[in-house]
Amino acid sequence: MCLAVPSRIVEINNLLATVDVYGARKEISLLLLPEDAKIGDYVLVHAGFAIQKVDEDAAKDALNLLKEIAEAVEE
């Protein structure tokens, strides 16, 4: 099973971007993204690549659901 995590772009340097998910930052590639991205955009990240831009509300909903699942597993 594959999981693409919605992540907010906080920095862009050519085809590399730094994304943030709940304070965790990671450098990813924008090479596979079919459209231009800008700081503040949310993208789905899989295996170190942004694969799709997503709506902010949808990204936040997905992140909240992932957080709820993680908290339930910890209990």
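Preceding this paragraph is the structure being described.
Quick look at the structure, then. Remember, predicted model here, so these are calculated numbers, not experimental data.

## Details of the side chain of aspartate 41
Reasoning step 1: Of note, aspartate 41 is situated in the loop between strand E3 (24–29) and strand E4 (42–46).
Reasoning step 2: Taking the relative accessible area as the measure of exposure, aspartate 41 reaches 11% and is therefore buried.
Reasoning step 3: Reaching out from aspartate 41, the side chain makes a polar contact with the backbone nitrogen of lysine 38 at a distance of 2.8 Å.
Reasoning step 4: Ignoring anything within four residues of it in the chain, the contact list for aspartate 41 reads Ser7, Arg8, Ile9, Asp36 and Lys53.

## Some thoughts on the pattern of salt bridges
Reasoning step 1: Across all of its chains, the model carries 4 salt bridges by this definition.
Reasoning step 2: The salt bridge involving lysine 38 is made with aspartate 41; its shortest N-O contact spans 3.1 Å.

## Quick look at the pairing of E3
Reasoning step 1: Judged from the 6 bridges that link them, strand E2 (residues 16–21) and E3 form a sheet pairing that is antiparallel. Across the sheet, residue aspartate 20 finds its bridge partner in E3, namely arginine 25.
Reasoning step 2: What sits between the antiparallel neighbours E2 and E3 is a turn of 2 residues, in which tyrosine 22 has the positive phi angle 50°.

## As for unusual backbone geometry
Note: most residues except glycine have negative phi, and most peptide bonds are trans.
Reasoning step 1: The residue asparagine 14 is not glycine, and still its phi comes out positive at about 60°.
Reasoning step 2: Positionally, asparagine 14 belongs in the loop between strand E1 (5–13) and E2.
Reasoning step 3: If you check the backbone angles, alanine 47 has positive phi at about 55° while not being a glycine.

What counts, and where the lines are drawn
- Residues numbered from 1 in each chain as written.
- Predicted model: local features only at pLDDT ≥ 70, side-chain atom pairs only at ≥ 80, totals over all residues.
- Heavy atoms only, no water.
- Helix = DSSP H or I, 4+ residues; strand = E, 2+ residues; numbered from the N terminus.
- Buried < 20%, exposed > 50% of the residue type's maximum accessible area, 1.4 Å probe, protein only.
- Polar contact = N/O pair within 3.5 Å; in protein donor to acceptor, adjacent residues only side chain to side chain.
- Contact = heavy atoms within 4.5 Å.
- Salt bridge = Lys/Arg side-chain N within 4 Å of Asp/Glu carboxyl O.
- Pairing = 2+ DSSP bridges.

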